[in-house]
Amino acid sequence: MIGGAGVSSALARPARAVVDLDAVRHNARLMAELASPAALCAVVKADGYGHGAVQVARAAVAGGASWLGVAMVEEGIELRRAGIMTPVLLLSEPPLEAMEEVVRSSLTPTVYSEEALFELSRVARSSAARRAGDAGAVRVHVKVDTGMHRVGADPEDVIGIVSKLAAMPELHLEGLWTHLAAADLAGEAARELTRSQLQAFERCRAELEGIGVRPEILHVASSAGALAYPESRYHMARCGIALYGYLPSPGLADLARLAPGDALVPAMRLEAEVSHVRRARAGEGVSYGIDYRLPDDSVIATVPLGYADGVPRALSRSGGEVLLAGERRPIAGVVTMDQFMVDCGPRSQVRRGDDVVLLGRQGDCEITADDWAGILGTISYEVLSRIGARVPRVYRQGGESSLALGQEPDPGGPGRRRGESRMDE
Ligand SMILES: *Cc1c(COP(=O)(O)O)cnc(C)c1O
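Only a predicted model underlies this, so the values are computations on that prediction, with no experimental measurement involved.

The next thing to look at is the overall build of the protein. Along its length, the protein carries eleven helices and 19 strands. At 24 Å, the protein has a C-alpha radius of gyration in line with the 22 Å of a compact globule built from 425 residues. Principal-axis analysis of the C-alpha atoms gives the protein an extent of 75 × 50 × 40 Å. Residue burial in the protein is summarised as follows: out of 425 residues, 51% are buried. If you sum the accessible surface of the protein, you get close to 18,900 Å²; carbon and sulfur atoms cover 50% of it. Looking at charge distribution, the protein has the averaged site of its 46 positive side-chain charges lying 4 Å from that of its 55 negative ones.

Structural data, given as structure tokens:
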């Protein structure tokens, strides 16, 4: 990986992911207003779906998010090291060995096993002295699996876990939650599954109420639930993909309860400069292998991004395109590790240094992560989160740009808000 803070921008490769933090803020505001009075938890796992967790977290908080969600303890620590003090929910149960760090970094753990509960209790007790003067009990969210069967406690076991937790003064049950498996899909079977998950969650909540336990924060919805199932919003919506400007699935467009004119704005643009131009004849090959042959004489432009950067090798085989000189042009031959080629057509005036857009707008044309996802048989989430760490990120905010090489959080970066301070480590 190139970069790390301090690498001269003169060494930056002529390719970049431009992240529009104003778009993230706009999308967060839109989702916060939609979910209101439920709170917005901005999900910034996987380095903010490839956009940069720290920068996205700040923009989302500025747009109205009051929680952040991450998959891993390390991701939570990265936010704390950058000075972000917003509550951070761990969306999976932390490994037992990580509980100490969870408590030390004031991350909010999700728990669904007794082992994790007991370990967390032990750590909370042993560190009680160190946290003296702090808010006291460690806040915990219990997750119940209502039908997705990924992680979460069996609904029948929740009462047992919660009863034990209620007897531990060093812990406080702040949240109860579940995750929907098919809220992004249209069609009766998906709606039926969603309804049954919501009912299972309701039963669970009622059962806890029966023993006098009422967690303050019930949460079920991710972007899809927040958009399409108002009854799933409860006290908080955990939104990821919508913050980055995409619907969870293109099919959700008809179900999403966004007011007309309230469009989500894609936050990432992927662009590069042509690094080489060659003329080639009809029948000649391009890139590795012997299968791809130019249909006609043409001008071939090379683009310095490849599959190691998150431009999938398969993109070329199934009609992948880029924008060049305001037009769509086909990728020619397979994408290689660091570069790929574009068929610019026989009369192209393309020159080295010209701008190529892989994701984003140029002139009247636009290519989105949903377009790639359609070609590749995947979803925008995978396209975005795989844009590699080797691609320099440039952040735009309020008309200004700044370059962040590599994935080092930049504590002095432009998104830093007054009042945020570095946590003691
Ligand atoms: C990733 C994730 C989310 C965010 O989902 P989006 O569809 O991106 O809004 C919410 N909750 C959980 C548990 C997740 O793992």
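Moving on to the packing of aromatic side chains. According to the stated counting rule, one finds three aromatic pairs in the structure shown. Seen from their ring centres, Tyr 49 and Tyr 381 are 5.9 Å apart, and the 35° between their planes marks the pair as tilted. Residue Tyr 49 is found in helix H2 (residues 45–49), and its partner Tyr 381 is found in helix H11 (residues 380–385); the two are separated by 332 residues along the sequence. Its relative accessible area of 7% is what places Tyr 49 among the buried residues. Site record: aromatic cluster; members linked through ring pairs are Tyr 49, Tyr 244 and Tyr 381.

This part is about the site of the ligand. Not every one of the 14 residues close to the ligand is listed here, only the nearest: Lys 45, Tyr 49, Ser 223, Ile 241 and Tyr 381. One of the backbone N or O atoms of Ile 241 is found 2.8 Å from an oxygen atom in the ligand. Here the ligand has 390 Å² of accessible area as a free molecule, and 92% of this is covered by the chains. For the shell around the ligand, the residue count by class is seven nonpolar, four polar and three charged.

Before going further, it helps to examine helix H1 (residues 21–35). Think of an α-helix as turning once every 3.6 residues; residues three or four places apart then point the same way. Its 15 residues place the ends of H1 21 Å apart at the C-alpha level, agreeing with the 21 Å of an ideal helix rising 1.5 Å per residue. Along H1, the positions that sit buried rather than exposed are Leu 21, Ala 23, Val 24, Asn 27, Ala 28, Leu 30, Met 31, Ala 32, Leu 34 and Ala 35. Packing partners of the buried residues in H1 comprise strand S1 (15–20), strand S2 (39–43), helix H3 (53–62), helix H9 (223–228), strand S9 (236–239) and strand S18 (393–397). Regarding H1, its N-cap is Asp 20, as a side-chain oxygen of that residue lies 3.0 Å from the backbone nitrogen of Asp 22 further along.

This brings us to the side chain of Gln 197. Mapped onto the secondary structure, Gln 197 falls in helix H8 (residues 188–210). There is a polar contact of 2.9 Å between the side chain of Gln 197 and the side chain of Thr 146. Once residues within four sequence positions are removed from consideration, Gln 197 is found in contact with Thr 146, Gly 147, Met 148, His 179, Leu 180 and Ala 181.

Take H3 next. In terms of burial, H3 is largely enclosed, as nine of its ten residues are buried. All of the buried residues along H3 are Ala 53, Val 54, Gln 55, Val 56, Ala 57, Arg 58, Ala 59, Ala 60 and Val 61. In the stretch just after H3, Gly 64 is the one whose phi turns positive, near 125°.

Quick look at the pattern of salt bridges now. Inspection of every chain in the model, using the stated rule, returns 20 salt bridges. A salt bridge links Glu 271 to Arg 269, with the nearest nitrogen and oxygen atoms 2.7 Å apart. Note on Glu 271: relative accessible area 15%, which makes it buried. Several salt bridges share partner residues, and in doing so they unite Arg 13, Asp 309, Asp 338 and Arg 390 into one network.

A separate point is the nonpolar core. Soluble, globular proteins show a tendency: their nonpolar side chains are buried together. Among the nonpolar cores identified, the biggest contains 128 residues, and Leu 79, Leu 270, Phe 340 and Leu 358 are the most heavily contacted of them. Element by element, the count of residues in this core is highest for H1, at nine residues. The two domains that each donate at least three residues to this core are domain 1 (21–252) and domain 2 (268–391). Excluding residues within four positions of it along the chain, Leu 270 makes contact with Arg 16, Ala 17, Leu 305, Val 311, Val 356, Val 357, Leu 358, Leu 359, Trp 372, Ile 387 and Val 391.

Before going further, it helps to examine the side chain of Thr 368. Mapped onto the elements of the fold, Thr 368 is located in the loop between strand S17 (365–367) and helix H10 (369–376). Thr 368 gets classed as buried once you look at its relative accessible area, which sits at 16%.

Moving on, we get to the packing of helix H6 (residues 114–126) against helix H7 (residues 155–166). Look at H6 against H7: their axes get within 10 Å of each other, and the N-to-C directions meet at 10°. The orientation of H6 relative to H7 falls into the category roughly parallel. Contacts between H6 and H7 involve Glu 114, Leu 117 and Phe 118 on the former and, on the latter, Ile 161, Lys 164 and Leu 165.

All right, on to the state of the cysteines then. Simply put, disulfide is the name for a covalent bond between the sulfur atoms of two cysteines. Considering all chains together, one arrives at zero disulfides under this definition. Free cysteine: Cys 344, not disulfide-bonded; nearest cysteine sulfur from Cys 365 at 14 Å. Residue classification places Cys 344 among the buried positions, given a relative accessible area of 7%.

The linkage connecting Ser 36 with the following residue, Pro 37, adopts the cis geometry, with an omega of 10°. For Pro 37, the location among the structural elements is in the loop between H1 and S2. Residue Tyr 234 is not a glycine yet carries a positive backbone phi of 40°. Relative to the assigned elements, Tyr 234 resides in the loop between H9 and S9. Phi angles above zero are rare outside glycine, and Ala 325 is one such case at about 50°. Tracing the sequence through the fold places Ala 325 in the loop between strand S13 (321–324) and strand S14 (327–332).

Parameters at a glance
Residues numbered from 1 in each chain as written. Predicted model: local features only at pLDDT ≥ 70, side-chain atom pairs only at ≥ 80, totals over all residues. Heavy atoms only, no water. Helix = DSSP H or I, 4+ residues; strand = E, 2+ residues; numbered from the N terminus. Rg over C-alpha atoms; globule rule 2.2 N^0.38 Å. Buried < 20%, exposed > 50% of the residue type's maximum accessible area, 1.4 Å probe, protein only. Areas by Shrake-Rupley, 256 points an atom, 1.4 Å probe, with all protein chains shown as cover. Lys, Arg positive; Asp, Glu negative; His and termini not counted. Charge placed at Lys NZ, Arg CZ, Asp CG, Glu CD. Phe/Tyr/Trp six-rings, centres within 6.5 Å; stacked < 30°, edge-to-face > 60°. Near = heavy atom within 4 Å. Polar contact = N/O pair within 3.5 Å; in protein donor to acceptor, adjacent residues only side chain to side chain. Nonpolar A, V, L, I, M, F, W, Y, C, P; charged D, E, K, R; others polar. Expected span 1.5 Å × (residues − 1). Contact = heavy atoms within 4.5 Å. Salt bridge = Lys/Arg side-chain N within 4 Å of Asp/Glu carboxyl O. Core = buried A, V, L, I, M, F, W, Y, C linked by side-chain atoms within 4.5 Å. Domains from an automatic or database assignment. Axes fitted to C-alpha atoms, helices over the stretch in contact; angles between N-to-C directions. Parallel < 35°, antiparallel > 145°, perpendicular 65-115°, else oblique. Disulfide = S-S within 2.5 Å.

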